[in-house]
Amino acid sequence: MNTFFLTTPIYYVNSHPHLGHAYTTIVADAMTRFQRLMGRDAIFITGTDEHGDKIVQAAEKAGQEVGAFSTVISAEFRALWPQLNTRPAAFIRTTDPEHKRLVQEFLHRVHAAGDIYFGEYSGHYCYGCERFYTDKELEGGLCPQHQVKPDFISEKNYFFRMSRHQEWLTRHIRDNPDFIQPERYRTEVLTLLDSGILDDLCISRPKTRLTWGIELPFDSRYVCYVWFDALLSYISAIGGVGSAGYERYWPQAQHLVAKDILKPHAIFWPTMLRAGGVPLYRRLNVHGYWLTRETKMSKSLGNIVTPLDMAARYGLDAFRYFLLREMHFGSDANFSEEGLVARLNADLANDLGNLFSRVLSMVSRYCAGAVPAPAGDTDLESALKDLALECLANFQALFDAYRFSQALESLWELVRALNKYVDSAAPWTLAKKGDAKRLGTVLYTLLECMRKTALHLWPVMPEKAEDMYRQLGLVFQADTVLLPREKESFGLLNAGLPLPAPVSLFPRVD
RNA sequence: CGCGGAGUGGAGCAGUUCGGUAGCUCGUCGGGCUCAUAACCCGAAGGUCCCAGGUUCAAAUCCUGGCUCCGCAACCA
């Protein structure tokens, strides 16, 4: 089946949505829109992760009951996505009853398969932090937070036999170079796997310490460790193992995460799936962080960028464009308002917006506002068309590989070539000479290439792309578009179409 | 010797997998055009590709050693 299925992480509700969350979801949305234009049945899903210690603590800090607290934050995330023009096919909460049931069912399967055992865990426990510390984490034997000596306590817990699957996982990652992308993160995981034996994963928390979680189906004195619960949401969101949604989408599953949660996705999750007898996801796509002034964004530093402020100030599509154009997928990137404005002015206003403006105004002036008919091509057109098809083919291949920045660069190579073509062909001279045939060819060629450009931009800037389409006298309908044929031929724009009065697409910001 | 990333013209970055005349955008300077959002097009200046060794006919790219910066090990995409 020709499907495409992508997940964002389910965001942890101990903080409000920020630029990082917006980026990941916008990437997921753009990729999904792209795959749809490529002719696939494509969806992405998102949601919130709501269990665990940290949430209980955050709720206490806010002076709220934990269930009510996570509902409020979860709703903030859910409300943000439509405002960024992202359209998840599902929004899952790990507190959904159906998810809880599916997690318990999965735990049962793994337990029955013999991959969960009851054992004892000993460690340095700080009652102030309500957590265990490893020897490495302690500073001079003291808890780094409270500067007190933690108690050495033993606790009975359930463990997942992750170590049993280490060899198999290592081989799988070696044999499937695409399983973790970009390459550097694959290398990182392989280094980690080669550096020693994996510990088994402690997957329970005694209710004496934590009750905010999913109860273990085989022991009501415990709740499930958050990651074991959260990762399974990727399957709950489409109906659970064996459901119609699962059959349809899971075989093509890809995940999208930031580098901080590489380990749970690259190690915990595949071994869990293996133990539960569920086929693995196809691919894990890992991106970097947005930095502000060379340093990481964090609440304590007060340098959080609020996505909606930027969108409101400069336009949502310019914001989306900036995020995809500026960050090289996988590496960290810098976010700055100046950077955004620079891109908006240079790429969107000067190159793209101005191209539409100059061409549409000539069509309006020289062709009575209707798409002219092309006559014969000269070498100038042949060269331009060759370049256009090459740029579009590159765009499609790069976008498909999550190399958004390079994909857009490739598209802008075409935009610049179009501006250059205007200068070389000089339609104003043709108009003066009264060479209607040649003028028709030049302007038609431009309009057709602009149509292709708008089409390819839709995943990144849906509203503006639809505006561009309208300017070309067309109505954009995603289901009727097929990108693959667009990189092969010209002439899908019909001559004679009346065009509306030109409107500025991207006004400059000064 | 905790793990990882980065160091390329004034700024921001590609290129490093599979060595072969150093590339893009912005900025600067000069020119062109007049259809256009003071936009667009052409040309120019500007680089010891962190340093030192090594391999090679040839190294930004491979190997060894070192320096500097940053991130993770605490929240967090």
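Residues numbered from 1 in each chain as written. Chains lettered and ligands numbered in written order. Predicted model: local features only at pLDDT ≥ 70, side-chain atom pairs only at ≥ 80, totals over all residues. Heavy atoms only, no water.

A.B. asks: Quick question: what am I supposed to make of the overall build of chain A here?
C.D. replies: Within chain A, the regular secondary structure consists of 19 helices and 16 strands. Seen through its principal axes, chain A has C-alpha atoms that stretch 90 × 45 × 40 Å. Counting the 510 residues in chain A, one finds 56% classified as buried. A total accessible area of about 21600 Å² is found for chain A, and carbon and sulfur atoms account for 50% of it. Each charge sign in chain A was given a centre, from 55 positive and 59 negative side chains, and these centres are 3 Å apart. (Helix = DSSP H or I, 4+ residues; strand = E, 2+ residues; numbered from the N terminus. Buried < 20%, exposed > 50% of the residue type's maximum accessible area, 1.4 Å probe, protein only. Areas by Shrake-Rupley, 256 points an atom, 1.4 Å probe, with all protein chains shown as cover. Lys, Arg positive; Asp, Glu negative; His and termini not counted. Charge placed at Lys NZ, Arg CZ, Asp CG, Glu CD.)

A.B. asks: Help me understand the domain arrangement of chain A in this model?
C.D. replies: Interfaces are often sized by the amount of accessible area the parts lose when they come together. Taken domain by domain, chain A holds domain 1 (3-287) and domain 2 (337-486). Here the C-alpha centre of domain 2 lies 43 Å away from the C-alpha centre of domain 1. Summing both partners gives a buried area of about 1500 Å² for domain 1 against domain 2, and 70% of it is carried by carbon and sulfur. On inspection of domain 1 and its partner domain 2, the count reaches 0 salt bridges. Inspection of the region where domain 1 meets domain 2 yields 4 residue pairs in polar contact (both at pLDDT 80 or more). Listing elements by their share of the side of domain 1 that touches domain 2, those giving two or more residues are β1 (3-12), α1 (19-37), β12 (253-258) and β13 (283-287). Sort the elements by how many residues they give to the side of domain 1 that touches domain 2 and α1 lands first, with 7 residues. Split by residue class, the side of domain 1 that touches domain 2 holds 9 nonpolar, 5 polar and 3 charged. (Domains from an automatic or database assignment. Buried area = accessible area lost by both parts, 1.4 Å probe. Salt bridge = Lys/Arg side-chain N within 4 Å of Asp/Glu carboxyl O. Polar contact = N/O pair within 3.5 Å; in protein donor to acceptor, adjacent residues only side chain to side chain. Nonpolar A, V, L, I, M, F, W, Y, C, P; charged D, E, K, R; others polar.)

A.B. asks: Would you explain the sheet that holds strand β11 (residues 219-224) in this entry?
C.D. replies: Strands pair in a sheet through their backbones, by hydrogen bonds, and they do so in one of two ways: parallel or antiparallel. The strand order across the open sheet built from 3 strands is β9-β11-β10, with neighbouring strands paired in antiparallel fashion. In this open sheet, the two strands that pair with only one neighbour each are β9 (204-206) and β10 (215-216). Pairing of β9 with β11, which is carried by 3 bridges, proceeds in the antiparallel orientation. Opposite R205, over in β11, you have V223 as the bridge partner. (Pairing = 2+ DSSP bridges.)

A.B. asks: What should I look at first to understand the sheet that holds strand β2 (residues 41-49) in this one?
C.D. replies: The sheet built from 6 strands is open, its strands ordered β3-β2-β1-β12-β13-β7 with parallel pairing. Every interior strand has two partners, whereas the edge strands, β3 (90-93) and β7 (180-181), have only one. Most of the contacts of helix α3 (residues 66-83) go to β3, to which it runs at about 165°, and overall it touches β1, β2 and β3. Its contacts with the sheet put helix α10 (residues 262-275) on β7, β12 and β13, and the angle it makes with β13 is roughly 165°. (Contact = heavy atoms within 4.5 Å. Axes fitted to C-alpha atoms, helices over the stretch in contact; angles between N-to-C directions.)

A.B. asks: I tried to follow the packing of helix α12 (residues 316-326) against helix α15 (residues 404-425) on my own but got confused; where do I start?
C.D. replies: Helix-helix packing: each pair is described by the crossing angle between the helix axes and the interaxial distance. Across the interface, α12 lies against α15 with an axial gap of 6 Å and an inter-helix angle of 110°. Judged by the inter-axis angle, α12 sits roughly perpendicular to α15. Between α12 and α15, the contacting residues are Y321, L324 and R325 on the first element and F404, S405, L408, E409 and W412 on the second. Considered class by class, the residues forming the contact of α12 with α15 number 5 nonpolar, 1 polar and 2 charged. (Parallel < 35°, antiparallel > 145°, perpendicular 65-115°, else oblique.)

A.B. asks: Would you mind showing me how to read the pairing of β11 here?
C.D. replies: Side chains on a regular strand alternate between the two faces of the sheet. Relative to β11, β10 is paired through 2 bridges, and the arrangement is antiparallel. Considered in β11, the bridge of L216 is made with D219. Count of turn residues in the β10/β11 antiparallel hairpin: 2 residues.

A.B. asks: Honestly, the pattern of salt bridges in this entry has me stumped. Any pointers?
C.D. replies: Opposite charge on two side chains makes pairing possible when the charged atoms of those side chains draw close. Per the stated rule, a full pass over the model turns up 25 salt bridges. A salt bridge links E183 to R186; the shortest N-O distance between them is 3.3 Å. Remark: R186 and E183 occur in helix α6 (residues 183-194); sequence separation between them is 3 residues, near one turn of the helix. Residue classification places E183 among the partly exposed residues on the basis of a relative accessible area of 40%. For R186, a relative accessible area of 11% translates into the label buried. Here E381 makes a salt bridge to R438, at a shortest N to O gap of 3.0 Å. With E381 in helix α14 (residues 379-400) and R438 in helix α17 (residues 436-457), this residue pair connects regions lying 57 residues apart in the sequence. You can call E381 buried: its relative accessible area is 0%. Each of the salt bridges in this network shares a partner with another, and the network as a whole consists of E448, R451, K452 and E486.

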